[in-house]
Amino acid sequence: MSTRSLRASLTLVLLLAAGCGSPQGPEPKVVAKPLDRPGVIVKPAEVKAPTAEIGGDILATFAGSSLDAFLRVGAGYIAPHLPAALQATVQPDTLRAQLFKAIRIDGLEAAIDASRPFAVAIADPLVYRSRGELGPALLAVPVKDGAELVNIFARRSDKHETTPWKDHVFSSASGRPVYLRLDQGYALLASQEKLLHGAAGQLLPLTRSQTGAKVRVEVKMALIGERFSAELDKALAEVRRSAARGRHGFGAFGMLVRVERWIGLARGMQVAHAFVELEPSGARIKLAASAKASGAFRSYLAALPTGEPWGAKYLPKDAAIFILNRDDEQSRLSDLGDAFNLLKLALGSEDLGGIVEALRTGLTSLLKQLGSEAAMAVWVSGGGGLGMGGAFRVKDAKAAQAELAKLSTTVGKDLKKIVEKATEAKLARVLAGVDPKQRKKLEAAARRELPIPSLKVKRGALKLAGVSVDVHELGIAWPKLKGDDAKKVAEVRKKVEKVIGLPFTIGFAATGDVGVVALGKEWKKRLGELCATAKGGAGSAGVEKSLAAVAGGKPIAFLGHADLAAIVEGGMRIADQVTTVPSDVRDQVNKLLPGKEVPISTLVYKESDALHVELRASADLFGMLTKAGMLLFMARAGGMPPMPAPPPPPAP
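Residues numbered from 1 in each chain as written. Predicted model: local features only at pLDDT ≥ 70, side-chain atom pairs only at ≥ 80, totals over all residues. Heavy atoms only, no water.

## Description of the pattern of salt bridges
Okay, step 1: The tally for this structure, following the rule as stated, stands at 27 salt bridges.
Okay, step 2: Note that E373 is salt-bridged to R326, the shortest N-O span being 3.8 Å. Note that E373 is positioned in strand β12 (residues 370–380) and R326 in strand β11 (residues 321–326), a separation of 47 residues in sequence. With respect to class, E373 is no different from R326; both count as buried.
Okay, step 3: One salt bridge connects E373 with R393, and the closest N-O pair in it is separated by 3.5 Å. You can see E373 sitting in strand β12 and its partner R393 sitting in strand β13 (residues 386–394), a full 20 residues away along the chain.
Okay, step 4: For R393, a relative accessible area of 24% corresponds to the partly exposed category. (Salt bridge = Lys/Arg side-chain N within 4 Å of Asp/Glu carboxyl O. Helix = DSSP H or I, 4+ residues; strand = E, 2+ residues; numbered from the N terminus. Buried < 20%, exposed > 50% of the residue type's maximum accessible area, 1.4 Å probe, protein only.)

Written as structure tokens, this is what we have:
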């Protein structure tokens, strides 16, 4: 059997067998049709097809509803936002016909039933070591005409045999087999006979629970961790070696540290599930992971604080991004340790006379004054200024304020030295291997053009709503250049001033068990509102109600909510501060916006002894992406090309 041709046909099977609707279609025809090559023809026998129990070796399953359902919902997301001449090309029937046409396998559309579910399972490859085309995978593909599918495989194989119980075996010249059984309206496919015998028991029940446009994935994490323990140990050892060498730079080092932690958590999981659901109103992805009786993931879940959405009333209603978060002190301190490992790597593993350790001590003291809850928002002012602020729990208001001031003072004193040393370490990596004379010139130029920051603290600089406010100012000593370079620096400085303000200011206050912070443009106005709410004001009742609806009564650890339309509008206001936006570009961007909120949400919560993550997106998001794609296409093509005539409707 040709490897390329068989793989193409199997890829098609995977693509097209996304079915739902009625879980069990008509029994496929099995009347023998003439084959291109003779096989062992056996009359319908009374021999019962054998079965096998393979559930203990299944590592993961994947089940999806119909291709037709996905095409129907997907077309509903996209078609209304296309020009009228293009809408006919993205109707479900047209898309399905085009897909089968692109695959170029005669008879496949007649054989596959795109209106019913499909399922896939992955067996342990250490147990089922197969040279077959499917490896350790098992497939259940919905069929309308089983005999036609058999003929398709036969035409693409070097050898076709049938068993006494009417299973089919297709082989290539290299001996790679594919086993096929027709059962209850499905073609069951595998690379080993035992897997085929167990396929019905593992896959067909999965197809009966699929409705709408959905995908369901189950991964047996505990079994994977048990079967592949040695491989995971080797992967972890390599991660640690790479991190210790620092060979990938400090940014990659941070990722390596997190990968090590994630692998450790994954080994403590029992089962992980993923659900994808497409509805006319939008898309939703749900992830869930249950914990073993003991281990790192069990400990993580036990320590993870959850509860009702806290702090939403502090967030301004005109913000584009909202974040509610809970974390425990130990997690914060662990993240802090990772951050300082990165800082040391950035500084060339030098402590600069105790500066790094002093920073670690100061941040540790500050973090210990914080509670578990925080609420933050990002906004763009009417004038195009960017700002951020919110509230968080504190254990002692005065102590938290004092610790932050002390930390800023420590940082400010040595900030210049830290920046210069980090720049020197980065240049050493970037310019490694460059000719020494050229390297010296480049290093000197980089230092001349380096803006040097400074940080100053003004304790009790003002009072807002009766609350004492500390002001932290981050200034920049801009490089003193000449000619055109000086003009460029002045232009950059002007743009920074318009967007975030100079000096960049952070206002911090605390009262009772609440700390409030605002930074960037409009910091004083926003901080005043936050202080008033902290002193007992009503705050933003609308935001509180809206984010409570997103949480849906779940005990959350994290909630992120954004309005994509507001982000685009805010981005245009910022763009106005740094450049001149052509009127035609502004008009085109405005056409992207639906005139209403386009929500995107992320939710993390604990429930039923498992960690859950939900991602939600409005259908209007896909509309905006469709319009943006059309604008990009038109910009590159220099205008809208003539539209082809729509294809004729499919024959009934």
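## Observations concerning the packing of helix α16 (residues 483–499) against helix α19 (residues 564–578)
Okay, step 1: Where α16 meets α19, the closest approach of the two axes is 9 Å, and the angle between their N-to-C directions is 145°. The handedness of the crossing between α16 and α19 comes out as right-handed. Contact with α16, carried on its side by K495, K498 and V499, involves I574, Q577 and V578 of α19 and no other residues of that element. (Axes fitted to C-alpha atoms, helices over the stretch in contact; angles between N-to-C directions. Left-handed = near helix turned anticlockwise from the far one by under 90°. Contact = heavy atoms within 4.5 Å.)

## Observations regarding the side chain of R116
Okay, step 1: With respect to the helices and strands, the residue R116 is situated in the loop between α5 (108–111) and β2 (118–123).
Okay, step 2: One polar contact links the side chain of R116 to the main-chain carbonyl oxygen of G185, over a distance of 2.8 Å. (Polar contact = N/O pair within 3.5 Å; in protein donor to acceptor, adjacent residues only side chain to side chain.)

## Comments concerning helix α14 (residues 397–430)
An α-helix turns once per 3.6 residues; consequently, residues spaced three or four apart project the same way.
Okay, step 1: At D414, α14 is deflected by roughly 60°, the largest bend along its length.
Okay, step 2: Measuring from the side-chain oxygen of the N-cap residue of α14 to the backbone nitrogen of K398 gives 3.1 Å; that N-cap residue is D396. (Bend = angle between axes of the 7 residues up to and from the residue.)

## Quick word on the pairing of strand β9 (residues 269–279)
Okay, step 1: In terms of strand pairing, strand β8 (residues 213–219) meets β9 through seven bridges, oriented antiparallel. Note on β9: the bridge partner recorded for V219 is A272.
Okay, step 2: Pairing between β9 and strand β10 (residues 282–291): nine bridges, direction antiparallel. Bridged to H273 within β10 is A288.
Okay, step 3: From the end of β9 to the start of β10, which pair antiparallel, there are two residues. (Pairing = 2+ DSSP bridges.)

## Focus: the nonpolar core
Okay, step 1: Residues L108, L139, L149, F153, L180 and L189 are the most contacted members of the largest nonpolar core, which totals 24 residues.
Okay, step 2: Among the elements that take part in this core, helix α6 (residues 146–155) stands out by supplying five residues, more than any other. (Core = buried A, V, L, I, M, F, W, Y, C linked by side-chain atoms within 4.5 Å.)

## Brief notes about the confidence of the model for the protein
Okay, step 1: The predicted model of the protein averages 84 in pLDDT, with 86% of residues at 70 or higher.
Okay, step 2: Taken together, the stretch residues 639–652 has pLDDT below 50 and engages in 11 contacts with residues farther than four places along the chain or on a different chain. (pLDDT = per-residue confidence, 0-100.)

## So, a nonpolar patch on the surface
Okay, step 1: A contiguous nonpolar patch, built from I285, L287 and L615 and spanning about 210 Å² of accessible area, is present on the exposed surface.
Okay, step 2: Locating I285 in the fold gives a position in strand β10. (Patch = residues over 30% accessible without salt bridge, like charges linked within 9 Å, V, L, I, M, F, W, Y side chains within 5 Å. Areas by Shrake-Rupley, 256 points an atom, 1.4 Å probe, with all protein chains shown as cover.)

## Topic: the environment of Q588
Okay, step 1: One can find Q588 in helix α20 (residues 583–592).
Okay, step 2: Sequence separation of Q588 and K627 is 39 residues, and the distance between their C-alpha atoms is 9.3 Å.

## Some thoughts on the packing of helix α13 (residues 355–367) against α14
The description of two helices packed together rests on the angle between their axes and the distance between the axes.
Okay, step 1: Where α13 meets α14, the axes come as close as 9 Å, and the angle between the chain directions of the two elements is 160°. Put simply, α13 runs roughly antiparallel to α14. Classified by chirality, the crossing of α14 by α13 is left-handed. Side by side, α13 and α14 meet where I355, A358, L359, G362, L363, S365 and L366 of the first sit next to A400, E403, L404, L407, T410, V411, D414, K417 and I418 of the second.
Okay, step 2: Class assignment for the residues of the contact of α13 with α14 results in 10 nonpolar, three polar and three charged. (Parallel < 35°, antiparallel > 145°, perpendicular 65-115°, else oblique. Nonpolar A, V, L, I, M, F, W, Y, C, P; charged D, E, K, R; others polar.)

## Observations regarding unusual backbone geometry
Okay, step 1: Of note, the bond from L502 into P503 is cis; its omega dihedral lies within 30 degrees of zero at -5°.
Okay, step 2: Examined against the element boundaries, P503 turns out to sit in the loop between α16 and β16 (504–511).
Okay, step 3: A positive phi is found at K166, a non-glycine position, where the angle reads about 75°.
Okay, step 4: Within the fold, K166 resides in the loop between β4 (159–162) and β5 (168–171).
Okay, step 5: Its identity as a non-glycine residue notwithstanding, A465 has a phi of 55°, on the positive side.
Okay, step 6: Structurally, the position occupied by A465 is in the loop between β14 (452–464) and β15 (467–477).
Okay, step 7: For A465, a relative accessible area of 44% puts it in the partly exposed group.

## Quick word on the packing of aromatic side chains
Okay, step 1: All told, the structure shown has six aromatic pairs when counted by the stated rule.
Okay, step 2: Measuring from centroid to centroid gives 5.8 Å for W310 and Y314, while their planes differ by 40°, and the two rings are tilted. The pair W310 / Y314 is uniform in exposure class, with both members buried.
Okay, step 3: Centroid distance F392 to F508: 5.8 Å. Interplanar angle 15°. Geometry classified as stacked. Residue F392 is located in strand β13, and its partner F508 is located in strand β16; the two are separated by 116 residues in the primary sequence.
Okay, step 4: When the ring centre of Y186 is taken as origin, the NZ or CZ atom of R116, which lies over that ring, is 4.9 Å away.
Okay, step 5: The ring centre of W379 lies 4.7 Å from the NZ or CZ of R526, which sits over that ring. (Phe/Tyr/Trp six-rings, centres within 6.5 Å; stacked < 30°, edge-to-face > 60°. Lys NZ or Arg CZ within 6 Å of the ring centre and 35° of its normal.)

## So, the environment of G385
Okay, step 1: Looking at the secondary structure, you find G385 in the loop between β12 and β13.
Okay, step 2: Judged by its relative accessible area of 2%, G385 is buried.
Okay, step 3: Spatially, the C-alpha atom of G385 lies 7.6 Å from that of G520, the residues being 135 residues apart in sequence.
Okay, step 4: Leaving out residues up to four positions away in the same chain, G385 has contacts with W379, V380, K498, V499 and K521.

## Let's talk about the environment of S65
Okay, step 1: Locating S65 in the fold gives a position in the loop between β1 (58–64) and α2 (67–78).
Okay, step 2: Classification of S65 by relative accessible area gives buried; the value is 0%.
Okay, step 3: Through-space distance from the C-alpha of S65 to that of K214 is 5.4 Å; in sequence the pair is 149 residues apart.

## Looking at the pairing of β4
Okay, step 1: Here β4 shows a clear split, with H160 and T162 buried on one side and none of K159 and E161 buried on the other.
Okay, step 2: Judged from the four bridges that link them, β4 and β5 form a sheet pairing that is antiparallel. Across the sheet, K159 pairs through a bridge with S171, a residue of β5.
Okay, step 3: As consecutive antiparallel partners, β4 and β5 are separated by five residues, and within that stretch K166 has a phi angle of approximately 75°, a positive value.

## Remarks on the side chain of R181
Okay, step 1: Position of R181 relative to the elements: it lies in strand β6 (residues 177–183).
Okay, step 2: A polar contact is formed between the side chain of R181 and the backbone oxygen of P50, at a distance of 3.2 Å.
Okay, step 3: Residues within four places of R181 in sequence aside, it is in contact with A49, P50, W165, D167, Y186, A187, L188, L196 and H197.

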